[in-house]
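Residues per chain are reported as follows:
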Amino acid sequence: MGVFRDMVLKRAAPEQAGIFSGANPSTYNSNDPIVLWIIQVVIIMAMTQFLATIFARIRQPRVIAEIIGGVFLGPTVMGRIPGFENAIFPVSSWPMLTLTSNIGLVLFLFIIGLEIDGSVIKKNFKASAGISIAGLVIPLGLGAALGVGVYREFTDPSVNFGYFLLFTAVAVGITAFPVLCRILTELKLLDTTVGVVTLAAGVGNDVVGWILLALTVALVNASSGLVALWVLLTAVGYVIFLMFPVKWGYRWLARKTGSLETGTPSTVMMTFTILLVFISAFFTDIIGIHPIFGGFLAGLIIPHTNGYGIAVTEKIEDVVVILLLPLYFALSGLKTNLGLLNDGITWGYTILIIAVAFSAKFFACAATAKLAGFNMRESGAIGSLMSCKGLVELIVLNIGLEANILSTRTFSMFVVHAIILTFVTTPLVLLFYPAKYRSRITVDDLDGNTIASSQPSAEGDELTNKFALVLDQIDQLPAAMTVTQLLCPTTVSGESLGQLSSPSLDEKSLPTVPYKASLPITPPISLTLLRLIELSNRTSAVLKSHLAHSDPVVSVFKTFASLLGGGSKRLKLKVDVDVSSRDEFTQVIKDRVREDGTGMIVIPWASGSNDAAEEHETPGVRNPFDGIFTSSESKDQIMHSVLYSEFIRNIFLTAPCDVSLFVDRGPSNSSTASGLGPDSLLVLPFFGGPDDRLALKVLVKICAGHQDVQAVVVRVSKGIHNETEEDESDKKHIADVFLHNTIAGADTVYGNLNTQTRLASDTADNLIWERYASPTAATRNPSLTSALSRITFETIQSPKPLQSVVDLFSGKRVQNTGKTVVAVLGRSRRMAVERLDSELRLIMAQRGAAMGSTVRKTLGDVGAALVATGVDASLLVVQTCITGS
């Protein structure tokens, strides 16, 4: 009995000490496979990320790194290390890898289905249909012909000859749509005719390719022709069932739960969506096709309304793309052995496969594009793009390998062909179609008319009413709407107000104000909404790029503009969406401004969350700049402010036109509205210099366009300032105020300030002041008379001019009016008439204000002083163009 009891105890309590009892974690245990699976996952992810980082530097898509990483981990490279494959990737562990990779593959095909946008095909059907058909028919025929030679040389006669030809034809004819989307996005081709037509052709090619692959798999898995017919009929019936009743039911449920309206799927909808994907995959698998087709079909029925499809993608893509999908490529790499390509005949056929696959796609699509009216460069780019392979090719090859249609040798030959063709796509597109030859498509305005992109104007042309509004975050929408309302006139005429806010720096001869007594001079403004979307490695970013026309930020602003514009009588809106990496935003803005001939760039900056501020402030009292600049921000908010300040400063530095930055304080302490209206007051402290002169012109133009807006312009000056009298120790003490939150960055430099330039600047200041402030300034123009009658011009001379400005904004005259206050300021970073930096440091030191030096570098000394003292006013900071066009 004792022996029996000991045996029972030993069986009931197995060893659990793990490595402490001498267990080897890399030994595969079918009862507990997760340990070895985790080791495999870590190695696969590390290899993929390492290669992706390298290939990203030469602008190659991530799929290249994933395929090559899988080949490296297989018998071709790492497998040659003695004991590596048996220890890390034993054959007994493949079922676990196969299961998890197939789950990832089904979900990824669901995402691919989500990327398919039928409207793209409809809009570009005529141009893309011919390219898509030619890019399928000719490669399919040449692929089948190629399969004859490959079959006779490398394939066992027991393999069905017809099935083999079907697989080789599909492998040569199919285009990798996910890779195509990524390349189009990274090369910034989605806003060109070439990109849009190629995308539409790729969609059609991809859908037909999947249908052919499903047909091939059905024929291979069927035991007879009659069974194959039943499989195909069942598949057709299932597609119809999904496309109509299931799609209608899904949309109804999405509306019922409110997910479609908000653009964010609820937990119920995500549960239903995931169940739909796997049930669909289950059904297509049991009828004899493949589970991936079920996932693909499920993706086709997901609506894209309000960005709903993008939100669904964002919820699942990271796990799929980062974790599960690389497992599929690793598994493919374990089945690839380039060591079998060991003779001249094998390499000769491999090169022949590459040549036939590329030439069949390239020449067929390029010739069709040329016949459709594209030039040689555009046709070459289209042919190159349509020849890319990648993931879809690998899926086809793996299905052929699993069905024993392809041998390991032929599988490896086709894998090499997929790598090469995917790798050469980007260099060929850049060779055929560099940026200087690209033609961007036009954008629809509010009336449905086409606003063509204009060429940069010659020097001296008036661009006063052409603005570009930069919008890269949804949080900036309130500020963007407010500044648009500020610039958009309330009275309309065909007369130009050009000279009032000319972006030209030429102050030698001030223009005269036009006169037309019968009409007010307030023309509508032309505004380009430059919507910037950050391109990341996520699939949802690619999805956003070719669904940018439905971007919710753009939709909201277009609705606002249609309500504000009065049928384009006040505002002509053009929308320009660009998807690029954040590092390229500044260059994108510069290029778009030059293309459109924009007169002024407008950058909105809205206040963020005030939760942190509320912990430090007295209840009911707050600094209007909390969430943007102040010390009550969290560390994350501070870093965002610093980085965004650097972005703005780069625009100031490189823009080929005037720039304005609107810092929205939000609702004031005394007012519940932050928008412009009859209760608005503009205040301009005029110190002099080119930026302040531009600020004065902008203020006059705003007043001319808004009959109820009032303004105060104060010319501020002080006595002769001798900089040598500053105490060096005091200077060091005061400078310490700016040492925190500072990162190095380029700054605006106007050039050396000498006696001659200062005298010229003083003369220009006096002329423009006399032009607007003198009693006879507006006798020639009734609209200008109306504007100047609502502007109070004053002069202040003070030994502390910056403190006088702060007192003006903080005093009863401004704050007790109950009006929404907007401070119109010149940035004047390096060319103000008076040096204000020392006084700014003194003001901050006296008030104990904590503020990063980037605030002063971004807003200028006057703007930084208003922020540091918490003045309750929004800021409109302007800078004249400092670069050549």
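Please read these numbers as outputs of a predicted model, since none were measured by experiment.

The next thing to look at is the pattern of salt bridges. Pairs may arise between side chains of opposite charge once their charged atoms sit close together. Considering all chains together, one arrives at 13 salt bridges under this definition. Across the pair K574 and D596 runs a salt bridge, and its minimum N-O distance is 3.1 Å. One end of the pair, K574, is in strand β5 (residues 571–580); the other, D596, is in helix α23 (residues 585–596), with 22 residues separating them in the sequence. Here K574 and D596 have matching classes, each one buried. Via salt bridges that share partners, K188, D576, D578, E584, R592 and E595 belong to a single interconnected network.

What follows deals with the environment of S132. Within the secondary structure layout, S132 lies in helix α7 (residues 125–154). Here the alpha-carbon distance between S132 and T175, two residues 43 residues apart in the chain, equals 9.9 Å. Discounting chain neighbours no more than four positions away, the residues touching S132 are A201, G204 and N205.

Mean pLDDT for the protein chain: 79, with 76% of residues reaching 70 or above. Under a pLDDT of 50 for its full length, residues 7–14 has, in the predicted model, zero contacts with residues more than four places off or in other chains. This stretch, residues 492–521, has a pLDDT under 50; its non-local contacts, to residues over four places away or in other chains, come to 71 contacts.

What follows concerns the pairing of strand β4 (residues 525–534). Buried residues dominate β4, accounting for eight of its ten residues. Across six bridges, strand β3 (residues 466–471) lies against β4 in parallel orientation. Within β4, the position partnered with A468 by the bridge is T528. Summarising the sheet, β4 and β5 pair through ten bridges and their orientation is parallel.

Let us now look at the nonpolar core. Membership of the largest hydrophobic core comes to 130 residues, with the highest contact counts inside it found for F89, F110, W210, L213 and I395. For this core, the element with the highest residue contribution is helix α15 (residues 308–334), accounting for 13 residues. By size, the runner-up hydrophobic cluster in this structure holds 55 residues, among which are I525, L535, L571 and M600.

Across the eleven residues of helix α17 (residues 376–386), nine count as buried, placing the element largely inside the fold. For α17, the complete set of buried residues consists of E378, S379, G380, A381, I382, G383, S384, L385 and M386. On its buried face, α17 is in contact with α7, α9 (177–186), α10 (193–221), α16 (344–371) and α19 (408–432). Between the side-chain oxygen at the start of α17 and the backbone nitrogen of R377 there is a gap of 3.1 Å, and the oxygen is on N375.

Time to look at a nonpolar patch on the surface. On the surface, a nonpolar cluster with roughly 310 Å² of combined accessible area is contributed by I34, V35, I38 and V42. Inspection of the secondary structure puts V35 in helix α2 (residues 34–56). By relative accessible area, V35 is classed as partly exposed at 33%.

A few words now on the packing of aromatic side chains. Within this structure, the stated rule accounts for 21 aromatic pairs. Relative to F293, the ring of W210 lies with its centre 5.8 Å away and its plane at 85°, an arrangement referred to as edge-to-face. With a gap of 83 residues between them, W210 in helix α10 and F293 in helix α14 (residues 291–300) connect regions that are remote in the sequence. Each member of the pair, W210 as well as F293, is classed as buried. Joined through ring pairs, the aromatic side chains of F358, F362, F363 and F432 make up one cluster.

This next bit is on the environment of A435. Of note, A435 is situated in the loop between α19 and β1 (443–444). A C-alpha to C-alpha distance of 9.0 Å links A435 and L187, two positions 248 residues apart in sequence.

Along the chain, T858 turns up in helix α33 (residues 853–868). Judged by relative accessible area, which is 0%, T858 ranks as buried. Ignoring sequence-local partners within four residues, the contact set of T858 consists of W605, S645, I648, R649, F652, L661 and R827.

For the rest of this paragraph, the subject is the packing of helix α11 (residues 225–256) against α14. Where α11 meets α14, the axes come as close as 9 Å, and the angle between the chain directions of the two elements is 30°. On the basis of their axis angle, the class for α11 and α14 is roughly parallel. Seen along the crossing, α11 lies across α14 with a hand that is right-handed. Across from Y238, V239, L242 and M243 in α11, the residues of α14 making contact are L297, A298 and L300. Along the lines of polarity and charge, the residues of the contact of α11 with α14 split into seven nonpolar, no polar and no charged.

Rules of the game
Residues numbered from 1 in each chain as written. Predicted model: local features only at pLDDT ≥ 70, side-chain atom pairs only at ≥ 80, totals over all residues. Heavy atoms only, no water. Salt bridge = Lys/Arg side-chain N within 4 Å of Asp/Glu carboxyl O. Helix = DSSP H or I, 4+ residues; strand = E, 2+ residues; numbered from the N terminus. Buried < 20%, exposed > 50% of the residue type's maximum accessible area, 1.4 Å probe, protein only. Contact = heavy atoms within 4.5 Å. pLDDT = per-residue confidence, 0-100. Pairing = 2+ DSSP bridges. Core = buried A, V, L, I, M, F, W, Y, C linked by side-chain atoms within 4.5 Å. Polar contact = N/O pair within 3.5 Å; in protein donor to acceptor, adjacent residues only side chain to side chain. Patch = residues over 30% accessible without salt bridge, like charges linked within 9 Å, V, L, I, M, F, W, Y side chains within 5 Å. Areas by Shrake-Rupley, 256 points an atom, 1.4 Å probe, with all protein chains shown as cover. Phe/Tyr/Trp six-rings, centres within 6.5 Å; stacked < 30°, edge-to-face > 60°. Axes fitted to C-alpha atoms, helices over the stretch in contact; angles between N-to-C directions. Parallel < 35°, antiparallel > 145°, perpendicular 65-115°, else oblique. Left-handed = near helix turned anticlockwise from the far one by under 90°. Nonpolar A, V, L, I, M, F, W, Y, C, P; charged D, E, K, R; others polar.

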